[in-house]
Amino acid sequence: MRRHCQRCETEVSASYEHPTLRRWVKGYFFLGVPFIPFIPIIGSEFVVMLPLTMLYLSGMGPALSVIRAPASCDECGADVEKAGWTPPAAPAPPA
Ligand SMILES: [Zn+2]
């Protein structure tokens, strides 16, 4: 993927640290969707379902950290902004 690197001051190739893990972690957020209709059962079941729900929610932090980690420049390793970011305009020369 092509991104603008502020340190190299040019468009460079960039990549995520764990591209495969990142793809799998996106599915993690949808693991709970099939269980939404069973929320009353999960809420009333304190031995199996509630501990499993807590276990699932405790994985949310690491999953979010993988998804939110920025891509880095392949040249210098600096974090690069998301696509669509444009470098700030150069300051106007003094009159
Ligand atoms: Zn760079």
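In what follows, the structure referred to is the one given above.
Per-chain numbering applies: the sequence of each chain, read as written, is numbered from 1 onward. Only residues with pLDDT of at least 70 get local features here, since the model is predicted, and only at 80 or more are side-chain atom pairs given and counted; chain-wide, interface and lining totals rely on the full set of residues.

Draft legend 1. Representation of the overall build of the chain in the model. Numbering goes from the N terminus for both helices and strands, where a helix is a DSSP run of H or I of at least four residues and a strand is a run of E of at least two. For the chain, the helix and strand inventory stands at four helices and three strands. Seen in sequence order, the chain has helices and strands lined up from the N terminus as β-β-α-α-α-α-β. With C-alpha atoms as the basis for the radius of gyration, the globule rule is written as 2.2 Å multiplied by the number of residues raised to the power 0.38. Against the compact-globule benchmark of 12 Å for 95 residues, the chain has a radius of gyration of 21 Å, which places it well outside the compact range. Backbone-placed C-beta atoms define the burial measure: a residue is buried with 20 or more other C-beta atoms within 10 Å of its own, exposed with 12 or fewer, and partly exposed in between. Residues classed as buried in the chain amount to 6% of the 95 residues present. Of all intrachain contacts in the chain linking residues separated by at least 6 positions in sequence, the fraction that spans at least 24 positions is 69%. By definition, residue pairs are in contact when their C-beta atoms, positioned from the backbone, come within 7 Å.

Draft legend 2. Spatial organisation of the sheet that holds strand β1 (residues 2–5). In space, the three strands of this open sheet follow the order β1-β2-β3, with antiparallel pairing throughout. The outermost strands of the open sheet, each flanked by one partner alone, are β1 and β3 (72–73). Two strands qualify as a pair provided DSSP detects at least 2 bridges between them. Pairing of β1 with strand β2 (residues 10–15), which is carried by four bridges, proceeds in the antiparallel orientation. Paired with Arg3 across the bridge in β2 is Val12.

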